[in-house]
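Structural features, examined
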Amino acid sequence: MFFDPSRPAGPTPGKTDAGIHPTDEDVVRTLFAIEKVSTPQPKPAASVEPEPVFSGASRGLLWLQATAVAVALGVLGYYFAGSSGASLTAGFNSSRNRVGRTTVSRTVDRSAQAEAEQLLTRVAAGDSDAADLVLAQSPNWTGRTTRTPTSDQHILTALNLPNLHAREAAVQAELALDGVPLSDAGINMLARAVANSSQRAWALWMLGALGNRSVDPVHTAKIIEAYLDDPEVNVRAAAVNGLAILATDETIPMLLDRFHNDPSPIVQERAACGLAESGMYTHEQRMTAAASLVGWLDDSSLSPGQRAWTAKALGDISGQQFGPDSAAWRNWYESTRR
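Notes on the structure follow. (Residues numbered from 1 in each chain as written. Predicted model: local features only at pLDDT ≥ 70, side-chain atom pairs only at ≥ 80, totals over all residues. Heavy atoms only, no water.)

1. Comments concerning the overall build of the protein chain
- In terms of helices and strands, the protein chain carries 15 helices and zero strands.
- Sorting the 338 residues of the protein chain into buried and exposed places 46% on the buried side.
- Here the analysis covers contacts within the protein chain between residues at least 6 apart in sequence; of these, 71% occur between residues at least 24 apart.
- With an accessible surface of roughly 16,400 Å², the protein chain has 56% of that area assigned to carbon and sulfur atoms. (Helix = DSSP H or I, 4+ residues; strand = E, 2+ residues; numbered from the N terminus. Buried < 20%, exposed > 50% of the residue type's maximum accessible area, 1.4 Å probe, protein only. Contact = heavy atoms within 4.5 Å. Areas by Shrake-Rupley, 256 points an atom, 1.4 Å probe, with all protein chains shown as cover.)

2. Examining helix 6 (residues 164-177)
- With 14 residues, helix 6 extends 20 Å from end C-alpha to end C-alpha; this agrees with the ideal 20 Å at 1.5 Å per step.
- Of all 14 residues in helix 6, 11 are buried, a share of seventy percent or more.
- Of the residues making up helix 6, those classed as buried are Ala166, Arg167, Ala169, Ala170, Val171, Gln172, Ala173, Glu174, Leu175, Ala176 and Leu177.
- Against the buried residues of helix 6 lie helix 3 (110-124), helix 4 (128-137), helix 5 (149-159), helix 8 (200-212), helix 10 (233-246) and helix 13 (283-296). (Expected span 1.5 Å × (residues − 1).)

3. Looking at the packing of aromatic side chains
- Tallying each qualifying case throughout the model produces four aromatic pairs.
- When the ring of Phe322 is compared with that of Trp329, the centres are 4.9 Å apart and the planes differ by 75 degrees; the resulting orientation is edge-to-face.
- Taking 5.7 Å as the distance between ring centres and 90 degrees as the angle between the ring planes, the aromatic pair formed by Trp329 and Trp332 counts as edge-to-face. Of the two residues, Trp329 and Trp332 both sit in helix 15 (residues 326-336), three residues apart, roughly one turn of that helix. For the residue pair Trp329 and Trp332, the accessibility class agrees, reading buried in each case.
- Counting every residue linked through ring pairs, the aromatic cluster contains Phe322, Trp329, Trp332 and Tyr333. (Phe/Tyr/Trp six-rings, centres within 6.5 Å; stacked < 30°, edge-to-face > 60°.)

4. Describing unusual backbone geometry
- Unlike most non-glycine residues, Ser214 shows phi in positive territory, near 70 degrees.
- The phi angle at Asp216 is positive, at roughly 40 degrees, despite the residue not being glycine.
- With respect to the secondary-structure elements, Asp216 resides in the loop between helix 8 and helix 9 (217-225).
- Note on Asp216: relative accessible area 35%, which makes it partly exposed.

5. Topic: the environment of Trp309
- Among the secondary structure elements, Trp309 is positioned in helix 14 (residues 304-318).
- Here Trp309 falls in the buried class, since its relative accessible area comes to 2%.
- Distance in space between the C-alpha atoms of Trp309 and Ala276 is 9.5 Å, their sequence separation being 33 residues.

So this is what it looks like as structure tokens:
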């Protein structure tokens, strides 16, 4: 399911401890906690007498850090070991278009709005004919329709379907409902929006969507790529999401690089997710990524979390469950090439 960081942390109402399983949101929040507790604290001023190493305050701080890391490792351990059927999160940040998207004043055509929502209801239910109709009709919705809670829910559902055709219809519907035309005018609109920090995450995702719908994918990839080294973790993660939606062959090495080399586990998780099952890559494209992932299972430069994500990504791509057994994964990959 989609990861939504705007959702407040805390237990789900109505669930007992026995029924709680860590979600993808829990994992990513836990990774934030690890980064926070492992960040060195500012040193005291020279005029302040340093606290003895084993004073009560130091012991308390060390205990809190150790506890936070232990809890984090426990969540991750369950996620990767105790929940063998779980897959990497499908889809993307579901708040990507609710927050920061360009607001355009428009008059909603009730007939077009009703058509859009009815067709999206059918797409979310797995109706292939409805997906065809969305792809044919949605350009006519641009400027005449808008996003609603109903359309958002149906798009979210369609984007999580395994059927790539349904995902294509959902992506194109999002562009239309947000008023982004399938043309160079749409690229220009999003290029202006991405320069605005409050609209950047939305614009990066929509640039990927526009390129996926064959509107100058080379240009859109270059715009998104410029944000892969942004100092802000959330911006880099949004850029990774945008590339996974764009899903050209040229974007696969970019995601592999971010998974392997980005210092943030948040970005690493987004890249692994995009390569595994999220976004718009075909199975053949994901198999291209699998060639690198298999080789990384024994890479000592990767963190334990990265190696675990590598195995999970391979599991999602292949449908096999070999865990961290690198030899088994190599045998599987070689068998696919015969």
